[in-house]
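Geometric and topological summary
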Amino acid sequence: MRRLLLLRHAKTQTDAPSGQDQDRRLDERGHRDAAEIGGWIARHPPLPNLALVSPAVRTTQTWEIVREALKGAGAAPKVEFVPDLYGADPAQLLTAIRMASVTDPKRLMLIGHNPGMHELALTLTGSGDEAAKRALSDNLPTSGLAVFDFATDDWNDVSFRRGKLVLFVSPKLLKQASRG
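Scope of this entry: the structure provided in the associated data block. Remember, predicted model here, so these are calculated numbers, not experimental data.

1. What about the nonpolar core?
- Counting 28 residues, the largest nonpolar core has L4, L6, I97, L108, L110, L124 and F148 as its most contacted members.
- Every element with two or more residues in this core is listed here: strand 1 (2-8), strand 2 (50-53), helix 3 (90-99), strand 4 (107-112), helix 4 (116-124), helix 5 (130-138), strand 6 (145-150) and strand 7 (163-169).
- If near-sequence neighbours (up to four positions away) are discounted, L110 is found in contact with L4, L5, L6, L7, L52, L85, L93, I97 and M117.
- Counting 18 residues, the second largest nonpolar core, distinct from the first, contains V53, W63, M109 and L145.

If you want it as structure tokens, here you go:
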């Protein structure tokens, strides 16, 4: 069994001072949301063994906040910053996932960007929680987390429509659940 966690970066500023999209930073809400989703991951083990992170400022900041929230919850995940994740489409993201077979973590987290991350989540989903599938069908929002299980022991066997969507959570859904 392999578990994949897809996490979209947290909420960002509209523009970067440099004018470069890769330099956009998290805004105040993004910092709060990343800490909230990181705390949620820490309270719902097992934790990822490896995180593949786009090197854009907003994904790097999201990772740093999540990593901080995971401290004390278990073994710290290893991290690799993967330039190919920035602007990647589902096929490119799937290639990055399969490359994890080299180090073979049991649980892998990708931190990246839409539209590729949302499209990947939709194309990986073969079965799973119906409510989660409905919620995810519209969007993978900032700080949204989709968790998939694959009935394989090799990342090379991960493919479209073979994932079981275990859950989908976001700061907005967590707020709604705490009110309910």
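2. As for the pairing of strand 2
- Of the two faces of strand 2, the one holding L50 and L52 and the one holding A51 and V53 are both buried throughout.
- Pairing of strand 2 with strand 3 (residues 78-81) involves 4 bridges; the strand directions are parallel. Considered in strand 3, the bridge of L52 is made with E80.
- Bridge count for strand 2 against strand 4 is 4 bridges, and the pairing is parallel. When the sheet's bridge partners are listed, V53 is paired in strand 4 with I111.

3. Section: the pairing of strand 6
- Summarising burial for strand 6: 6 of the 6 residues are buried, a large majority.
- Burial of the side chains of strand 6 extends over both faces: L145, V147 and D149 are buried on one face and A146, F148 and F150 on the other.
- Across 6 bridges, the pairing between strand 1 and strand 6 is antiparallel. Its bridge partner lying in strand 6, L4 is registered against F148.
- Pairing between strand 6 and strand 7: 5 bridges, direction antiparallel. Each residue of the ladder has a partner; that of D149, found in strand 7, is K164.

4. Some words on unusual backbone geometry
- Put simply, P45 and P46 share a cis peptide bond, and its omega is 10 degrees.
- Here the amide bond leading from N114 into P115 is cis, since omega sits at 10 degrees, within 30 degrees of zero.
- Within the secondary structure layout, P115 lies in the loop between strand 4 and helix 4.
- Within the chain, S143 stands out as a residue other than glycine whose phi angle is a positive 60 degrees.
- One can find S143 in the loop between helix 5 and strand 6.
- Exposure remark for S143: the relative accessible area of 0% places this residue in the buried category.
- Phi at R161 is positive, roughly 70 degrees, even though this residue is not glycine.
- Inspection of the secondary structure puts R161 in the loop between strand 6 and strand 7.
- Using a relative accessible area of 54% as the deciding quantity, one classes R161 as exposed.

Calculation criteria
- Residues numbered from 1 in each chain as written.
- Predicted model: local features only at pLDDT ≥ 70, side-chain atom pairs only at ≥ 80, totals over all residues.
- Heavy atoms only, no water.
- Core = buried A, V, L, I, M, F, W, Y, C linked by side-chain atoms within 4.5 Å.
- Buried < 20%, exposed > 50% of the residue type's maximum accessible area, 1.4 Å probe, protein only.
- Helix = DSSP H or I, 4+ residues; strand = E, 2+ residues; numbered from the N terminus.
- Contact = heavy atoms within 4.5 Å.
- Pairing = 2+ DSSP bridges.

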